[in-house]
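# Coordinate analysis (summary)
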Amino acid sequence: EQMLVYNDMIKQRIQKARNYPYAARKRGIEGEVTVDFRILRDGSLDSAVVVLGSGADILDNEAVSTVKRAAPYPAVPESSGKESLEKRITLIFRLN
């Protein structure tokens, strides 16, 4: 249960850090970007990399920037017994 709460905290931090690039919005660019990232025990971000791009560099770059802006994350729960956690998130950029 502690990990479920932790995962929710990570998602909330990323959601707050989200931004739709103005240039992409203006040009009507939409897409989905999947990012793998690693959080160290102290909550610092070790790495963030696009594993499935949208086909638009502007969205791919923004997805990585979003994960970076959301850092630092909460410390990894000691109950996990891990020095770091590997996470994957898909950010969806859709115009309304």
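Look up: the structure comes first, before these words.
Residues numbered from 1 in each chain as written. Predicted model: local features only at pLDDT ≥ 70, side-chain atom pairs only at ≥ 80, totals over all residues. Heavy atoms only, no water.

### Let's talk about the overall build of the chain
Helix and strand content of the chain: three helices and three strands. Ordered by position in the sequence, the α and β elements of the chain form the string α-α-β-β-α-β. For the chain, the spread of C-alpha atoms along the principal axes amounts to about 45 × 20 × 20 Å. Taking all 96 residues of the chain together, the buried fraction comes to 35%. Across the chain, the fraction of contacts at a sequence separation of at least 24, relative to all contacts at a separation of at least 6, is 75%. Of the roughly 5900 Å² that the chain leaves accessible, carbon and sulfur atoms contribute 47%. Averaging the coordinates of the 15 positive side-chain charges in the chain and doing the same for the 13 negative ones gives two points 6 Å apart. (Helix = DSSP H or I, 4+ residues; strand = E, 2+ residues; numbered from the N terminus. Buried < 20%, exposed > 50% of the residue type's maximum accessible area, 1.4 Å probe, protein only. Contact = heavy atoms within 4.5 Å. Areas by Shrake-Rupley, 256 points an atom, 1.4 Å probe, with all protein chains shown as cover. Lys, Arg positive; Asp, Glu negative; His and termini not counted. Charge placed at Lys NZ, Arg CZ, Asp CG, Glu CD.)

### Some details on the sheet that holds strand β3 (residues 84-93)
To summarise the sheet geometry, strands pair through backbone hydrogen bonds and adopt either a parallel or an antiparallel arrangement. Reading across from one edge, β2-β1-β3 is the order of the three strands in this open sheet, with antiparallel pairing throughout. Strands with a single pairing partner mark the edges of an open sheet, and in this sheet they are β2 (45-52) and β3. Strand-to-strand twist of the sheet, defined as the mean angle between neighbouring strand axes without regard to direction, takes the value 25°. Examined bridge by bridge, strand β1 (residues 31-40) and β2 share six bridges and lie antiparallel to one another. (Pairing = 2+ DSSP bridges. Axes fitted to C-alpha atoms, helices over the stretch in contact; angles between N-to-C directions.)

### Re the pattern of salt bridges
Where charged atoms from two side chains of opposite charge come close, those side chains can pair. On inspection of all chains with the given rule, the structure shows six salt bridges. A salt bridge links Arg-38 to Asp-46; the shortest N-O distance between them is 2.7 Å. For Arg-38, a relative accessible area of 27% translates into the label partly exposed. The salt bridge partner of Arg-69 is Glu-62, with a shortest N-O separation of 2.5 Å. In this structure Glu-62 comes out as buried when scored by relative accessible area, which is 10%. (Salt bridge = Lys/Arg side-chain N within 4 Å of Asp/Glu carboxyl O.)

### Notes on helix α1 (residues 2-17)
Spanning 16 residues, α1 covers 23 Å between terminal C-alpha atoms, matching the ideal 22 Å at 1.5 Å per step. Among all positions in α1, only Tyr-6, Ile-10, Ile-14 and Ala-17 are buried. Down the axis of α1, the buried side of the element spans an arc of 75°, and every buried residue falls inside it. Structural note: α1 exposes Leu-4, Lys-11, Gln-15 and Lys-16 on the side pointing more than 90 degrees away from its buried face. Tucked into the core, α1 has its buried residues touching β1, α3 (57-69) and β3. (Expected span 1.5 Å × (residues − 1). Arc of directions from axis to C-beta.)

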